[in-house]
Structures are given as C-alpha cells and as structure tokens.
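Results of the structural survey
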Amino acid sequence: MGYTIVALKDKILEMYPEIEKHGISVGLYFSEEKNAYILKFKRDAHELTTHLEKKDADNCMDGIKCVYLGVQVSQFIKNFEERK
C-alpha cells in the first residue's frame, strides 16, 4: 500500500481526535532500521515516543483503528492530565 507520511499523520489525527483536542503535537517519520513508523507526541515539556508497525499503519489507512496506538494516546493524555 502506498501513502505519504502526511496522509498517515492526517489519518491518525482523524481517527484519534483527542490528540488535537488536548493540544498534543505529533511528529511522524519512517525508520528503515526498525521498519516501522516512529510517532512522537509532545505537549509542553511532556513527550512520548512510540512506534507503529507497517502493518498497523496500513490498517490505519484502511480505517481500522490500532488498539496499541489508541492505548498509547490515552495513556499519554492521562499522564499529562495527572501532572496538572
């Protein structure tokens, strides 16, 4: 499946609107070494880096939510809210 980094990022933001709702910025790039997409979530001084396997990214582009990514997003938001 062919798609751009921008298209994948847009799809992730569409599927997980809580990211933008909580003012979290997202960095995304593909790591040839890991053969996976690397996501960096950041809000203020808080940061979380996680990966998205190529198969999960493909599924995401097909509209299938990645449970692992959803858990990571939820945990980051929870941790950030607890530190307020």
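Residues numbered from 1 in each chain as written. Predicted model: local features only at pLDDT ≥ 70, side-chain atom pairs only at ≥ 80, totals over all residues. Heavy atoms only, no water.

**Notes on the nonpolar core**
Under the convention used in this document: Among buried residues, the Ala, Val, Leu, Ile, Met, Phe, Trp, Tyr and Cys ones that are joined through side-chain atoms within 4.5 Å form a nonpolar core. Here the term buried applies to any residue with accessible area under 20% of the maximum for its type, exposed to any over 50%, and partly exposed to those in between, with areas from a 1.4 Å probe on protein chains only. The secondary structure listing takes helices from DSSP runs of H or I that are at least 4 residues long and strands from runs of E that are at least 2 residues long, numbered from the N terminus.
Of all hydrophobic cores here, the largest spans 21 residues; its most connected members are Leu 8, Ile 12, Ile 19, Leu 39, Phe 41, Leu 52 and Leu 69. Those elements that place two or more of their residues in this core are α1 (5-15), β1 (25-31), β2 (36-43), α3 (54-61) and α4 (67-82).

**Points about the environment of Gly 2**
Counting through the fold element by element, Gly 2 comes out in the segment before α1. Taking the C-alpha atoms as reference points, Gly 2 and Met 61, 59 residues apart in sequence, are found 9.7 Å from one another.

**Examining the confidence of the model for the chain**
Detailed reading of predicted coordinates is not advised where the pLDDT is low. Going by this rule: Scored from 0 to 100, pLDDT reflects the predictor's confidence in each residue.
Per-residue confidence for the chain averages 88 on the pLDDT scale, and 96% of its residues sit at or above 70. Per-element averaging of pLDDT across the chain places α4 at the bottom with 81 and β1 at the top with 95.

**Section: the sheet that holds β2**
Strand-to-strand pairing in sheets goes through backbone hydrogen bonds, with the strands running parallel or antiparallel. Selection rule: For two strands to count as paired, DSSP must find a minimum of two bridges between them. Between N-to-C directions, angles span 0 to 180 degrees; the directions come from axes that are lines fitted to C-alpha atoms, helices contributing only their stretch in contact. Any two residues whose heavy atoms approach within 4.5 Å at even a single point are treated as in contact.
Strand order in the open sheet made by the three strands is β1-β2-β3, with antiparallel pairing throughout. With partners counted over all chains shown, the strands left at the sheet margins are β1 and β3 (46-53), one partner each. For this sheet, the mean inter-axis angle between neighbouring strands, taken without regard to orientation, is 20°. Note that β1 and β2 share seven bridges and pair antiparallel. Pairing of Val 26 across the sheet is with Phe 41, part of β2. Packing against the sheet, α1 makes contact with β1, β2 and β3, and its axis sits at approximately 135° to β1.

**Concerning the side chain of Asp 58**
Short version of the rule: Here a polar contact is taken to be a pair of N or O atoms separated by no more than 3.5 Å, where protein atoms must pair a possible hydrogen donor with a possible acceptor and residues adjacent in sequence count only if both atoms sit in side chains.
Within the secondary structure, Asp 58 is located in helix α3. On the basis of relative accessibility, which here comes to 18%, the residue Asp 58 falls in the buried class. In terms of polar contacts, Asp 58 uses its side chain to reach the side chain of Tyr 3, at 2.6 Å.

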